[in-house]
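Read off the chains here:
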Amino acid sequence: QVQLVESGGGLVQAGSSLRLSCVASGRTFTMGWFRQAPGKEREFVAAISAGGATTDYADSVKGRFTTSRDNAKNTVYLIMNSLKPEDTAVYYCAARSKMVAPFNRNYEYDYWGQGTQVTVSS
């Protein structure tokens, strides 16, 4: 059983940046970031492979968001730049044992964090 704890959310203005962190209680493999806005389904944001060599992003965040990981600290990061009001959502990190792509299927993730709220004001 792996526990995931996100942090770093908050209320910011459009155009600002935030860094989310996700600390895992143990070794993890593929890590994903998802978000869910009120009244909407949970959607894929980004993912990173076990070694960090491969990343994937949703089209809506490409060029603005970057995910990275520090396996020595069992921590994954999501750096969010040029934030927009439409980025407002609860952000979740997730872990899965499957290592190959695609990475954007939420039902393939085994463990989930509790989520952290990101609110972007216009």
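Residues numbered from 1 in each chain as written. Predicted model: local features only at pLDDT ≥ 70, side-chain atom pairs only at ≥ 80, totals over all residues. Heavy atoms only, no water.

*Asks:* Hey, could you go over the overall build of the chain for me, with residue numbers and the actual values?
*Replies:* Helix and strand counts for the chain stand at zero helices and 11 strands. Listed by position from the N terminus, the elements making up the chain come as β-β-β-β-β-β-β-β-β-β-β. Against the globule reference of 14 Å for 122 residues, the chain gives a C-alpha radius of gyration of 13 Å, in line with a compact fold. Here the C-alpha coordinates of the chain stretch approximately 40 × 25 × 25 Å along the principal axes. Out of the 122 residues belonging to the chain, those deemed buried represent 44%. Residue pairs at least 24 apart in sequence account for 57% of intrachain contacts in the chain once pairs closer than 6 positions are excluded. Across the chain, 13 positive and 10 negative side-chain charges occur, with their mean positions spaced 4 Å apart. (Helix = DSSP H or I, 4+ residues; strand = E, 2+ residues; numbered from the N terminus. Rg over C-alpha atoms; globule rule 2.2 N^0.38 Å. Buried < 20%, exposed > 50% of the residue type's maximum accessible area, 1.4 Å probe, protein only. Contact = heavy atoms within 4.5 Å. Lys, Arg positive; Asp, Glu negative; His and termini not counted. Charge placed at Lys NZ, Arg CZ, Asp CG, Glu CD.)

*Asks:* Quick rundown of the sheet that holds strand E7 (residues 65–70)? Include the residues and the values.
*Replies:* Taken in spatial order, the four strands of this open sheet run E1-E3-E8-E7, and their pairing is antiparallel. Where the open sheet ends on each side, the last strands, each with one partner, are strand E1 (4–7) and E7. Each adjacent strand pair in this sheet contributes to an overall mean axis angle of 15°, direction not counted. Pairing geometry for E1 and strand E3 (residues 18–24), over four bridges, is antiparallel. Bridge pairing in E3 links Leu4 to Ala24. (Pairing = 2+ DSSP bridges. Axes fitted to C-alpha atoms, helices over the stretch in contact; angles between N-to-C directions.)

*Asks:* Tell me what's going on with the state of the cysteines, and back it up with residues and numbers.
*Replies:* This structure, assessed with the given rule, holds one disulfide. Here Cys22 engages in a disulfide with Cys93; their sulfurs sit 2.0 Å apart. Judged by the sign of its S-S torsion, about 55°, the cystine formed by Cys22 and Cys93 is right-handed. One end of the pair, Cys22, is in strand E3; the other, Cys93, is in strand E9 (residues 89–96), with 71 residues separating them in the sequence. (Disulfide = S-S within 2.5 Å.)

*Asks:* Now, about the side chain of Thr116: what can you tell me, with residues and values included?
*Replies:* Among the structural elements, Thr116 can be located in strand E11 (residues 116–121). Within polar-contact distance, the side chain of Thr116 engages the backbone nitrogen of Gly9 at 3.2 Å. Look past the residues within four positions of Thr116 in its chain and what remains in contact with it is Glu6, Ser7, Gly8, Gly9, Leu20, Ala89, Val90 and Tyr91. (Polar contact = N/O pair within 3.5 Å; in protein donor to acceptor, adjacent residues only side chain to side chain.)

None of the figures reported here should be taken as evidence of function without further support.
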